[in-house]
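# Descriptive structure summary
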Protein chains: 2
Amino acid sequence: MVSENTTRWIALLAYPELTLLDLVGPLQILRGLGAPFRTAVVGENLKPILTDTSVCITPQMTFADIQDPDVIIIPGGPGSVAAMANHALQTYLKATAESATVVASVCTGALPLAATGLLEGRRVSVHWAYARELELLGARYERARFTEDGKFITSAGVSAGIDMALHLAAKLAGQEISQRIQLGLEYDPQPPFGGIDWTQVGEKELTRQRRGGTGARLTQAQELLAERPDLLQRLRLGR
Amino acid sequence: MVSENTTRWIALLAYPELTLLDLVGPLQILRGLGAPFRTAVVGENLKPILTDTSVCITPQMTFADIQDPDVIIIPGGPGSVAAMANHALQTYLKATAESATVVASVCTGALPLAATGLLEGRRVSVHWAYARELELLGARYERARFTEDGKFITSAGVSAGIDMALHLAAKLAGQEISQRIQLGLEYDPQPPFGGIDWTQVGEKELTRQRRGGTGARLTQAQELLAERPDLLQRLRLGR
């Protein structure tokens, strides 16, 4: 245990093949909170972890080091499928969620979080292309940038973690601090072709988007989730 | 040289104390381009590099490995001050900028880029709090999310790298691909308290923002830029 009584830890969970921006968006924002908050990327061990980009990140602390985080954030990514059956990660999520004040997910990080059973019946956001899986796992999909239900704050795909983290920063330290962090990161977004026109996003684009990333891993779910037949059954992938 | 003739390398430069999101925003977007483009985080060597967060990243390739990148992107961060006098980095920037089709910066990454002399007289964007230093280094500050002048595309603070990279993706592979990447990252931003109200950002906030990060390092410029008396003089920090 390296945690001191006065430190309020914000633990960002790392696992293989996470989407790097899912983790880094919230990390960059929440590190700006300053004391008593401290961010830490935590993993099962301290070995470098390959992300969905070609870059590895190295956790600074292990699950054993921070047993009582104030806030837990789980990113999504192609590895979120395997993370549903990752025993160490599932155990850590369940054990820490009990005493944490906030449990948050970004993108398909909602899937391993749902696999703990903690999102049963809750209103939850997730990457738009994986709403079906989320519902099969027992949550109620909410099309929103992020959704708060009890201590759970779940966000839409990848970049939504930035909006969610600014909301979380305000919740933890007040709106003034959150807006100061926003100014520091010059987060005054202007997507060059505008926001997403959801009226143009149909089945064809859904199929296309699910060909890679998490979607590609779901086609391997029989193997990846072999130790969680309950999940395979819920996802209608049971033999 | 690991580069193949057919590969168009997008080199993201890493150096100590860079701002992690400056690097990861563009990396996450541009990795989505697929062949013939390939992203690589390049550093002077392959040792882990401490970022402004508590996380280290490990370059995948060295400057020597990728001598002819098609695109170069330099992030900002507190370390951008020392990067102005980083001989290996300055040499790499100057050598590769000649044949690159695009040289881009995020946030205060414009400062080490300006230190090469390549931005002399050009219209350039940078983190809002460091416009003065940019102008002292010979560029003309442009208040914009990103600015394109010749082969140089420079962006405002941190998160602006995301908007810039979507523009760059369209430039390299077409608007349709860029918008598909945007959809994959669900980049439909909704800052919880709205965008930045620039009418509320005055001298007081400028002073406050410059207390940390790059601003704190500028107070150490006499030491950090000791080997570049020309820059100290331009920044009016000469003895």
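Structure's up top.
Right, let's walk through the structure included here.

Basis of the calculations
Residues numbered from 1 in each chain as written. Chains lettered and ligands numbered in written order. Predicted model: local features only at pLDDT ≥ 70, side-chain atom pairs only at ≥ 80, totals over all residues. Heavy atoms only, no water. Pairing = 2+ DSSP bridges. Helix = DSSP H or I, 4+ residues; strand = E, 2+ residues; numbered from the N terminus. Contact = heavy atoms within 4.5 Å. Axes fitted to C-alpha atoms, helices over the stretch in contact; angles between N-to-C directions. Buried area = accessible area lost by both parts, 1.4 Å probe. Salt bridge = Lys/Arg side-chain N within 4 Å of Asp/Glu carboxyl O. Polar contact = N/O pair within 3.5 Å; in protein donor to acceptor, adjacent residues only side chain to side chain. Buried < 20%, exposed > 50% of the residue type's maximum accessible area, 1.4 Å probe, protein only. Phe/Tyr/Trp six-rings, centres within 6.5 Å; stacked < 30°, edge-to-face > 60°. Least-squares fit on C-alpha atoms with pLDDT ≥ 70 in both. Expected span 1.5 Å × (residues − 1). Parallel < 35°, antiparallel > 145°, perpendicular 65-115°, else oblique. Left-handed = near helix turned anticlockwise from the far one by under 90°. Nonpolar A, V, L, I, M, F, W, Y, C, P; charged D, E, K, R; others polar.

### A closer look at the sheet that holds strand 6 (residues 71-74) of chain A
Residue and element names in this part refer to chain A. If you walk across this open sheet you meet the seven strands as 5-2-1-6-7-11-10, and the pairing is mixed. Either end of the sheet is taken by a strand with one partner, and the two such strands are strand 5 (61-62) and strand 10 (146-149). Sheet topology note: the strand 1 (residues 8-13)/strand 2 (residues 37-43) ladder contains six bridges and is parallel. For L13, the partnering residue across the bridge sits in strand 2 and is V42. Against the sheet, helix 1 (residues 20-30) touches strand 1, strand 2 and strand 6, its axis set at about 165° to strand 1. Here helix 6 (residues 160-173) sits on the sheet in contact with strand 1, strand 2, strand 6, strand 7 (102-105), strand 10 and strand 11 (152-155), set at roughly 155° to strand 11.

### Quick word on the interface of chain B and chain A
Taken together, the contacts link 56 residues of chain B with 56 residues of chain A. The junction of chain B with chain A conceals about 5000 Å² of combined surface from both sides, 59% of it contributed by carbon and sulfur atoms. Of all residues in chain B, the largest losses of buried area upon contact with chain A belong to L183, E186 and F193 of chain B, amounting jointly to 16% of the total for that side. The interface formed by chain B and chain A includes four salt bridges. Between E205 of chain A and R180 of chain B there is a salt bridge, with its nearest N and O atoms 3.8 Å apart. At the boundary of chain B with chain A, the tally comes to 38 residue pairs in polar contact (both at pLDDT 80 or more).

### Focus on the environment of R210 of chain B
All names here are of chain B. Looking at where R210 falls in the secondary structure, it is placed in the loop between helix 8 (203-209) and helix 9 (213-218). For R210, a relative accessible area of 23% translates into the label partly exposed. Between the alpha carbons of R210 and Y130 there is a distance of 8.4 Å; along the sequence they are 80 residues apart. Residues contacting R210, with those up to four places away along its chain left out, are A129, Y130, E133, G215, A216 and L218.

### Here's the deal with the packing of aromatic side chains
Residue and element names in this part refer to chain B. On inspection of all chains with the given rule, the structure shows four aromatic pairs over all chains. Ring geometry for F63 and Y92: centres 4.4 Å apart, planes at 10°, overall stacked. With a gap of 29 residues between them, F63 in the loop between strand 5 (61-62) and strand 6 (71-74) and Y92 in helix 3 (residues 87-97) connect regions that are remote in the sequence. With respect to class, F63 is no different from Y92; both count as buried. Pairing W128 with W198 gives two aromatic rings, centres 5.9 Å apart and planes at 75°, and the pair type is edge-to-face. One end of the pair, W128, is in the loop between strand 8 (123-124) and helix 5 (131-136); the other, W198, is in the loop between helix 7 (175-184) and helix 8, with 70 residues separating them in the sequence. By relative accessible area, W198 is classed as partly exposed at 24%.

### Focus: the sheet that holds strand 7 (residues 102-105) of chain B
Residues and elements named next belong to chain B. The strand order across the open sheet built from seven strands is 5-2-1-6-7-11-10, with neighbouring strands paired in mixed fashion. Where the open sheet ends on each side, the last strands, each with one partner, are strand 5 and strand 10 (146-149). Sheet topology note: the strand 2 (residues 37-43)/strand 5 ladder contains two bridges and is parallel. Directly across from V42, in strand 5, lies its bridge partner M61. In the packing of helix 3 onto the sheet, contacts are made with strand 1 (8-13), strand 2, strand 6 and strand 7, and the angle to strand 6 comes to roughly 150°. Each of strand 1, strand 2, strand 6, strand 7, strand 10 and strand 11 (152-155) is contacted by helix 6 (residues 160-173), which is oriented at about 155° to strand 11, the strand it contacts most.

### Regarding the relation of the copies chain B and chain A
Turning one copy of the chain about an axis and sliding it along that axis gives the other copy, so a rotation and a shift relate them. The transform that puts chain B on chain A rotates by 180° and translates by 0.0 Å along the axis, for an RMSD of 0.0 Å. What the rotation and shift describe, once combined, is the action of a two-fold rotation axis. Of every C-alpha in chain B, the one belonging to I57 of chain B sits nearest the axis of rotation, 2.8 Å from it. A share of 100% of interface residues in chain B that are also interface residues in chain A marks the association as one of identical surfaces.

### Quick look at the pattern of salt bridges
According to the stated counting rule, one finds 28 salt bridges over all chains in the structure shown. For E133 of chain B, the salt bridge is made with R210 of chain B, and the minimal N-O distance between the two is 2.7 Å. Pair noted here: E133 of chain B is in helix 5 and R210 of chain B is in the loop between helix 8 and helix 9, with a separation of 77 residues, a long-range link. You can call E133 of chain B buried: its relative accessible area is 5%. Residues joined by salt bridges that share partners form a network here, namely E176 and R180 of chain A together with E205 and R208 of chain B.

### Concerning helix 6 of chain B
Residues and elements named next belong to chain B. Helix length check: helix 6 (14 residues) gives 20 Å between terminal C-alpha atoms against 20 Å at 1.5 Å per residue, within 8%. Of all 14 residues making up helix 6, 12 are buried, and the element is well covered by its neighbours. Inspection of helix 6 places A160, G161, I162, D163, M164, A165, L166, H167, L168, A169, A170 and L172 among the buried residues, and these make up the whole buried set. In the segment just after helix 6, G174 is the residue with positive phi, at about 105°.

### A short note on the packing of helix 1 of chain A against helix 6 of chain A
Residues and elements named next belong to chain A. Put simply, helix 1 and helix 6 touch, their axes get as near as 8 Å, and they point 30° apart. By the criterion of interaxial angle, the relationship of helix 1 to helix 6 is roughly parallel. Here helix 1 and helix 6 pass one another in a crossing that is right-handed. Where helix 1 abuts helix 6, its residues G25, P26, I29 and L30 lie against G161, I162, A165, L166, L168 and A169. When the residues that make up the contact of helix 1 with helix 6 are grouped by side-chain class, the tally is eight nonpolar, two polar and no charged.

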